[in-house]
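Coordinate analysis (summary)
The residues making up each chain are set out below.
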Amino acid sequence: MDFTFTEEQQAAVEAARAVFAGVAPDGVPSPSLTAGAVAEDFDRPLWRRLADAGLLSLLLDAEYGGAGLDPVALCLVLRESAKVLARVPLLESTAALVAVQAHGGPELKADVLARAGRGELVLTVAASGRTGHDSAELAVSARQDGDVWVLDGLQTAVPWAHNADHVVVPAHTAAGRTVLALVPRVHQGVVLAEQLSTTGERLGELRLDSARIAARDVIDADGAWERLRELLTTGTCALALGLGERVLRMTSAYTSTREQFGFPVATFQAVAMQAADRYIDLRAMEVTLWQAAWRISTGAGGALPAAADVAVAKTWASEGVRRVVQTAQHLHGGFGADVEYPLHRYHAWAKQLELSLGPAAAHEEALGDLLAAHPLG
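Residues numbered from 1 in each chain as written. Predicted model: local features only at pLDDT ≥ 70, side-chain atom pairs only at ≥ 80, totals over all residues. Heavy atoms only, no water.

Moving on: the packing of aromatic side chains. Scanning the model with the defined rule gives 3 aromatic pairs in all. Measuring from ring centre to ring centre gives 5.1 Å for phenylalanine 5 and tryptophan 290, while their planes differ by 70 degrees; the resulting arrangement is edge-to-face. Of this pair, phenylalanine 5 sits in the segment before helix H1 (7-20) while tryptophan 290 sits in helix H7 (residues 269-298), placing them 285 residues apart in sequence. For phenylalanine 5, a relative accessible area of 28% gives the class partly exposed. The interplanar angle of 85 degrees and the centroid separation of 6.0 Å between the aromatic rings of phenylalanine 42 and tryptophan 160 together place this pair among those described as edge-to-face. Within this pair, whereas phenylalanine 42 is found in the loop between H1 and helix H2 (44-52), its partner tryptophan 160 is found in the loop between strand E3 (148-159) and strand E4 (166-172), the two being separated by 118 residues in sequence. Side by side, phenylalanine 42 and tryptophan 160 carry an identical accessibility label, which is buried. (Phe/Tyr/Trp six-rings, centres within 6.5 Å; stacked < 30°, edge-to-face > 60°. Helix = DSSP H or I, 4+ residues; strand = E, 2+ residues; numbered from the N terminus. Buried < 20%, exposed > 50% of the residue type's maximum accessible area, 1.4 Å probe, protein only.)

Printed below as a string of structure tokens:
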């Protein structure tokens, strides 16, 4: 078996590193010192550079100006973005484009895909539901009325909702099916309220009151929401891995120069053992991430559905990234809490990623349900 990345995937990584090289993790005010949002918008100049490098259209087919790559390539790029805390909706917009490309009608594809790949149109996804713990598709109801769909309900913690052009909203029908509606940010029956994330970024509470969405902007294919949610969750794991790798590297650099009793603290056995444990966490996060990304990229079969591998990956990502940043804070001592040093920002982002799309316990429960439904014999 060959576990190496393809030349195209490696090229995407190199392009991402070049784009992210100039990004400063402390480019916006610290969430610890800011009462409201750290910024009104995401990093638009960076978004433009990502578009110019072809990284916004990475998973689009050639006919829409894309490279035709797979979720593994996206995860490689997301991993690099998290190392510098890139403030862009790369995961959400790309995942939404994948859903439109795979399941959208001809009109929707023609209107959205190429423009979004060029960075002219920004998409995000409402995946948190009403409370962040219930299923997102149950938070909004959808009923068809002639050539439109009528949506009612509430989605919370929608990332980049105040700056995206459209929000992909999962909603349930009376028949128990799930549809995906592309809801314009400014639209009759759509109300956005501001919420704040742990990172200090603006989130949106999206309230839908008989919002009427044209049928051409609604995806009603079976399994479309499940596949979108799996891609979002796997991408979140990639972000957690990249963040954890950067934090461990920062910790290594600090403990190698910080001296006590005339020796670098990195030479002390207790410090080395803690760092080694976190390195093991990162390797477990990595292997489970690539297993999940490979399953959803190839559609390969297995004893359990791909959702099981995604659940395992998110369990490791949530637990692992939390342990990495906690150990980093401990080994940095008081310096780790200094708001002029970027570690506190990584800690805030890690907490957000840990809980995004469900904490470890939620995915352990989902894995248990899958095991019960698919006995391994």
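Attention shifts here to the pattern of salt bridges. The full count for this structure, using the stated rule, is 28 salt bridges. Note that arginine 44 and aspartate 41 form a salt bridge whose closest N and O atoms lie 2.8 Å from each other. Residue arginine 44 is classed as partly exposed on the basis of its relative accessible area, which comes to 35%. For arginine 283, the salt bridge goes to glutamate 245, with nearest N and O atoms at 3.1 Å. Remark: glutamate 245 occurs in helix H6 (residues 224-257) and arginine 283 occurs in helix H7; sequence separation between them is 38 residues. Under the relative-accessibility criterion, glutamate 245 is labelled buried at 11%. Taken together, the salt bridges that share partners define one network made up of Glu14, Arg17, Arg79, Glu80, Lys83, Glu245, Arg283 and Glu286. (Salt bridge = Lys/Arg side-chain N within 4 Å of Asp/Glu carboxyl O.)

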